[in-house]
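In case you want the letters, here they are:
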Amino acid sequence: MSAVVGRFAPTPSGRMHLGNAFAYLLAWLSARSGGGEVVLRMEDLDTQRCTEEFAEGIRQDLRWLGLEWDRETPPQRLRTEAYEAALEKLRKKANVFPCWCTRGSLNLINAPHAADGHPIHPASCRLRTPEERRSMKGAPAWRLEAPDLTIRFTDGVFGPYEENLMTGCGDFVLRRADGVFVYQLAVVVDDGEAGVTQVVRGCDLLSSTPRQLYLCRLLDLPEPAYWHVPMLTDSTGRKLSKRDAAMDLGQLRQRHRPEELIGMLAFRSGLTEREEAISAKELLGEFRWDKLKKDDIVIC
Ligand SMILES: [Zn+2]
């Protein structure tokens, strides 16, 4: 196995979006420039919205962009046993407790709010007696107690970042009441098993990283290095999303060659000095992380 392992981790719930393509381009450049390999993993925990048809569309879009990968690891919908094993390990090492709180009940309580605006989960839930738990109706979610512990790391783009898990995030869900494991746990288990050493993804996930690093520690998994890359926005500063159909690869492939899209992304993000068509392979020779702008990248 290579020393450097990067990854593409798309959610196959629609066509690939230009913002995803930008993150995959950087993940590919970062891994390949370090002589490393790239693994592909379908993050299809949401089995209602994710389909094999979308997954195949994403594979084709990646190939069209010239972003080859070395191996594809099992999709998350087939990984329940691995996540169950991780949950058992977490139960032994930390306080994993049943929670019957609903989003509505959490919004009603007068609790402090975390950095991303969600209400901090109340300690009263964690302190229920066994008798009280037995009297609760319905299947619980399973939460992990957030300790008074500050997680620090240095993001490759945004620099030093820290969060106190107790005050900045609060107890967080590992498995939902409907049995579905959450992204935080799945991503850590999957990256760990695939030997991923580099996580390159959109900066909207920066604030979730301390939770993932805490899970890595509890599960004795090596901590990957992180690069959170700027978001793409329109000229009014609004972030491009899956709602912008004109920015998905289905539409863009009808109007552009892959070299044009990569050239545009490379120029606007600071990787090249002129806006001209370039292939991913050609861009490899010019790639350096310190060229990347940290601001949102205006696309249209
Ligand atoms: Zn609760």
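Along every chain, residues carry numbers that run from 1 in the direction the sequence is written. Residue-level local features of this predicted model are given only where pLDDT is at least 70; pairs of side-chain atoms are given and counted only at 80 or more, and the full residue set underlies all totals for whole chains, interfaces and linings. As a rule here, side-chain values come from all non-hydrogen atoms in the structure, and water together with hydrogens is ignored.

### A word on the overall build of the protein chain
Reasoning step 1: A tally of helices and strands in the protein chain yields 12 helices and 12 strands.
Reasoning step 2: The size measure is the radius of gyration over C-alpha atoms, and the globule rule it meets is 2.2 Å times the number of residues to the 0.38 power. Expected size for 300 residues packed as a compact globule is a radius of gyration near 19 Å; at 20 Å, the protein chain falls within 12% of this value.
Reasoning step 3: With respect to the three principal axes, the spread of C-alpha positions in the protein chain is 65 × 40 × 35 Å.
Reasoning step 4: Each residue is assigned to one of three classes by its accessible area relative to the maximum for its type, calculated with a 1.4 Å probe on protein chains only: buried under 20%, partly exposed between the two thresholds, exposed over 50%. Taken over 300 residues, the protein chain has a buried fraction of 51%.
Reasoning step 5: Any two residues whose heavy atoms approach within 4.5 Å at even a single point are treated as in contact. A separation of at least 24 residues holds for 76% of the contacts in the protein chain among residues at least 6 apart in sequence.
Reasoning step 6: Areas reported as accessible are Shrake-Rupley estimates using a 1.4 Å probe. Residue values count occlusion only from the protein chains shown. Working note: accessible area of the protein chain is about 14400 Å², and carbon and sulfur atoms make up 51% of it. Only DSSP runs of H or I covering at least 4 residues are called helices, and only runs of E covering at least 2 are called strands; the numbering of each starts at the N terminus.

### Details of the environment of Leu219
Reasoning step 1: If you trace the backbone, Leu219 turns up in the loop between helix H9 (209–218) and strand E10 (225–229).
Reasoning step 2: Relative accessible area serves as the criterion here: at 7%, Leu219 is assigned to the buried category.
Reasoning step 3: The spatial distance from the C-alpha of Leu219 to the C-alpha of Pro147 is 16 Å, given a sequence separation of 72 residues.
Reasoning step 4: Leaving out residues up to four positions away in the same chain, Leu219 has contacts with Ala86, Lys89, Leu90, Leu185, Val188 and Val189.

### So, the sheet that holds strand E8 (residues 172–175)
Reasoning step 1: With antiparallel pairing, three strands are arranged side by side in an open sheet as E4-E5-E8. Among the strands making up the open sheet, the edge pair consists of strand E4 (96–99) and E8. The average undirected angle you get between the axes of adjacent strands in this sheet is 45°.
Reasoning step 2: Bridge count between strand E5 (residues 141–144) and E8: three bridges; the pairing is antiparallel. Bridge assignment links Arg143 to a residue of E8, and that residue is Val173. What makes two strands pair is DSSP finding at least two bridges between them. Axis lines are fitted through C-alpha atoms, for helices just across the contact stretch, and the angle between N-to-C directions can take any value from 0 to 180 degrees.

### Thoughts on the nonpolar core
Reasoning step 1: Take the buried Ala, Val, Leu, Ile, Met, Phe, Trp, Tyr and Cys residues and link them wherever side-chain atoms come within 4.5 Å; each set so joined is a nonpolar core. If you look at the biggest cluster of nonpolar residues, it comprises 46 residues, and the most contacted ones within it are Phe8, Leu26, Leu62, Leu67, Trp289 and Ile299.
Reasoning step 2: A total of 11 residues in this core trace back to one element, the largest contributor, which is helix H1 (residues 18–33).
Reasoning step 3: The residues contacting Leu67, other than those within four sequence positions of it, are Phe8, Ala21, Tyr24, Leu25, Trp28, Leu62 and Ala280.
Reasoning step 4: Formed by 34 residues, the second largest nonpolar core is a distinct cluster that contains Val96, Phe172, Val188 and Val196.

### Quick look at the coordination of the zinc ion
Reasoning step 1: The protein atoms donating to the zinc ion are Cys99 (SG), Cys101 (SG), His121 (NE2) and Cys125 (SG), with metal-donor distances spanning 2.0 to 2.4 Å.
Reasoning step 2: Every donor counted, the four donor atoms about the zinc ion form angles of 101 to 115° at the centre, which fits tetrahedral coordination.
Reasoning step 3: Metal-coordinating donors are taken as N, O and S atoms lying within 2.8 Å of the metal, or within 3.2 Å when the metal is Na, K or Ca; because water is left out, some sites can appear incomplete. Positions of the donor residues of the zinc ion along the chain correspond to the pattern C-x1-C-x19-H-x3-C. Here Cys101, found in the loop between E4 and helix H4 (103–108), pairs with Cys125, found in helix H5 (residues 123–126); they are 24 residues apart in sequence, far enough to count as distant. Think of it this way: with four donors and all angles in the 85 to 135 degree range, the site is tetrahedral; with four or six donors, opposite ones beyond 155 degrees and the rest between 65 and 115, it is square planar or octahedral; otherwise it is irregular.

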